[in-house]
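Here is what each chain is made of, one letter per residue.
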Amino acid sequence: MNVQQEIEKTVQKQRNFFHTGKTLTLEFRLKALHRLEKCIISHEDEIVQALHADLHKAEMESYMTEIGMAIAEIRDVKKHLADWMKEQKVPTPIAQFPARSFTIAEPYGVTLILAPWNYPFLLSFQPLAGAIAAGNCAIVKPSEYSPATGEVIERIIKDAFPEQYIAVIQGDQRASAALLEERFDYIFFTGSASVGKLVMEKAARNLTPVTLELGGKSPCIVDETADLDLSAKRILFGKILNSGQTCVAPDYVLVHESVEEELIRKLEKWTRKFLGKTSLENPNYPKMINEKHFARVKKLMEAGEIVVGGDVRAETLQIEPTVLKHVTQEDPIMQEEIFGPVLPILIYRSKEDLVSVIRSYEKPLALYLFTRNEEMEQWVLKNLSFGGGCINDTIIHLATSEMGFGGVGMSGMGSYHGKFSFETFSHRKSIVKKALWLDLPMRYHPYTNLKEKVVRMAMK
């Protein structure tokens, strides 16, 4: 049996299982989420080892940014799922009297989750929790670039669920292409915009709805009123997390020209405090995912002038946290998402400069503003479009189940986390239930002047 036939068989098994109606009950979904949580906890050591093998992540970073967040998401979903599944009453127009109106959430059916390599565990299980909560079956496709984590993901899912309910498909791009030839009821993709376009193109053939979690060049604005020491500390945290391989990492800094030099000094200070004098000797510092990505980011470092860091280690695929100044928008590093621990610094003098630079790129997934100026804060929120972000911090806006996370324009479409995940993986049906005890005659033929007057009054 070839890959395409295996995938076809798995999809049909899941469609048959979904049509039994077993996934529709609250009890079934809660039990499934509970099993998933238990299996993740029981495999925690293996997950940590796999993330270290794939990305050289420290145990704390693995728990803080992947394992812990996945468990927290599952627990939040379990806590609120009963309320989310209830019908939602809405007002009924007087013209439809007597009736009541409500919406109910129903699962799509068989869903596909295409996970990336940079947070391979979290970004497999966080959307999966939403798919399960909404009552769907799901196929998870881990990235081939993080094979150790992919193997653990498969073990966890096989321990927790039968294949006809939740399944894992491993393999390279050919497996992904084969999956996209199948008809799914919903596709959830995390990755690059270029692959996102292909996913959307394939989905369009069957009018399959999609969520695309992409990326882009997420700017970090530092104005002249900012607390520069704290700003540098929090910017650096966001930049070196997973060695910069984070879709919402600060991609570049736009700093007011009057504080550029001081900000650079603070970035250098916090680099040493975080990682020591030689970052590449720090056992907790992550690496690039593979040689191709390492070489690409290393090449981007040729722009401008290196003022912090700059060392690389090919044998371990590590790049020291590096700050560049005298960078222009024409440099290659400003032509693509960096996805590495390299931070270009650009200066600005006015708000017009900010608008000119930021709007010259596609709408970013994130934007970060460091300021003490309330007027500046409101101006940025009102005038610049982006998926989400922080004021006086980085990254942390996605670490909550209370807000949706997603992009806009080329940085993505749709959102998830918490209730937003439930809604993403649900179709909400709108229902009007009309009473039988009264049937007002106005809408029926024959139409008369009196009926028209009554209808006009009712619809005001």
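Here, every reference points to the structure presented above.
So, how was this worked out
- Residues numbered from 1 in each chain as written.
- Predicted model: local features only at pLDDT ≥ 70, side-chain atom pairs only at ≥ 80, totals over all residues.
- Heavy atoms only, no water.
- Buried < 20%, exposed > 50% of the residue type's maximum accessible area, 1.4 Å probe, protein only.
- Helix = DSSP H or I, 4+ residues; strand = E, 2+ residues; numbered from the N terminus.
- Pairing = 2+ DSSP bridges.
- Right-handed = clockwise from strand over helix to strand, strands pointing away.
- Salt bridge = Lys/Arg side-chain N within 4 Å of Asp/Glu carboxyl O.
- Core = buried A, V, L, I, M, F, W, Y, C linked by side-chain atoms within 4.5 Å.
- Contact = heavy atoms within 4.5 Å.
- Axes fitted to C-alpha atoms, helices over the stretch in contact; angles between N-to-C directions.
- Phe/Tyr/Trp six-rings, centres within 6.5 Å; stacked < 30°, edge-to-face > 60°.

Enquirer: Break down the pairing of strand S9 (residues 252-256) for me, citing the residues and quoting the values.
Expert: Of all five residues in S9, five are buried; the element is thus mostly enclosed. The two faces of S9 match: Tyr 252, Leu 254 and His 256 on one face and Val 253 and Val 255 on the other face are all buried. When strand S8 (residues 219-222) meets S9, the two strands line up parallel, connected through four bridges. Its bridge partner lying in S9, Ile 221 is registered against Leu 254. Running through helix H9 (residues 228-240), the crossover from S8 to the neighbouring parallel element S9 is right-handed.

Enquirer: Explain the pattern of salt bridges to me, and be specific about the residues and the numbers.
Expert: Inspection of every chain in the model, using the stated rule, returns 27 salt bridges. Between Asp 83 and Lys 86 there is a salt bridge, with its nearest N and O atoms 3.2 Å apart. What emerges from the salt-bridge pattern is a single network uniting Glu 37, Arg 75 and Lys 78.

Enquirer: I'd like to hear about the nonpolar core, residue by residue, with values.
Expert: Core analysis: the biggest nonpolar cluster contains 83 residues, and Ile 40, Phe 125 and Leu 128 have the highest contact counts within it. Setting aside its immediate chain neighbours within four residues, Ile 40 contacts Ile 47, Ile 67, Ile 71, Ile 74, Phe 121, Phe 125 and Ile 156. Core analysis: the next-biggest nonpolar cluster, separate from the first, contains 31 residues, Leu 254, Leu 300, Met 334 and Leu 384 among them.

Enquirer: So what's going on with the sheet that holds strand S4 (residues 137-141)? Which residues, and what values?
Expert: The mixed open sheet is built from six strands, whose spatial order is S5-S4-S3-S6-S7-S17. A strand with exactly one partner marks an edge of an open sheet, and here the two such strands are strand S5 (166-168) and strand S17 (412-413). Sheet topology places strand S3 (residues 110-114) next to strand S6 (residues 186-190); four bridges connect them, and they run parallel. Paired with Ile 113 across the bridge in S6 is Phe 188. Across the sheet, helix H1 (residues 3-18) lies against S3, S4 and S5, angled at about 155 degrees from S4, the strand it touches most.

Enquirer: Residues and numbers for the sheet that holds S8, please.
Expert: Read across the sheet, seven strands follow the order S10-S13-S14-S9-S8-S15-S16 without closing on themselves; strand pairing throughout is mixed. Single-partner strands in this sheet number two, and they are strand S10 (305-308) and strand S16 (388-391). The average angle at which neighbouring strand axes cross in this sheet is 25 degrees, direction not considered. Of the strands in this sheet, S8, S9, strand S14 (342-348) and strand S15 (366-370) are in contact with helix H12 (residues 351-358), which crosses S9 at around 165 degrees.

Enquirer: Describe in detail the packing of aromatic side chains, supporting the description with residues and values.
Expert: Throughout the structure, instances matching the rule amount to 15 aromatic pairs. Ring geometry for Phe 17 and Tyr 165: centres 5.8 Å apart, planes at 50 degrees, overall tilted. Here Tyr 165 lies in the loop between helix H6 (147-160) and S5 and Phe 17 lies in helix H1, a separation of 148 residues in the sequence. By relative accessible area, which is 1% here, Tyr 165 ends up buried.

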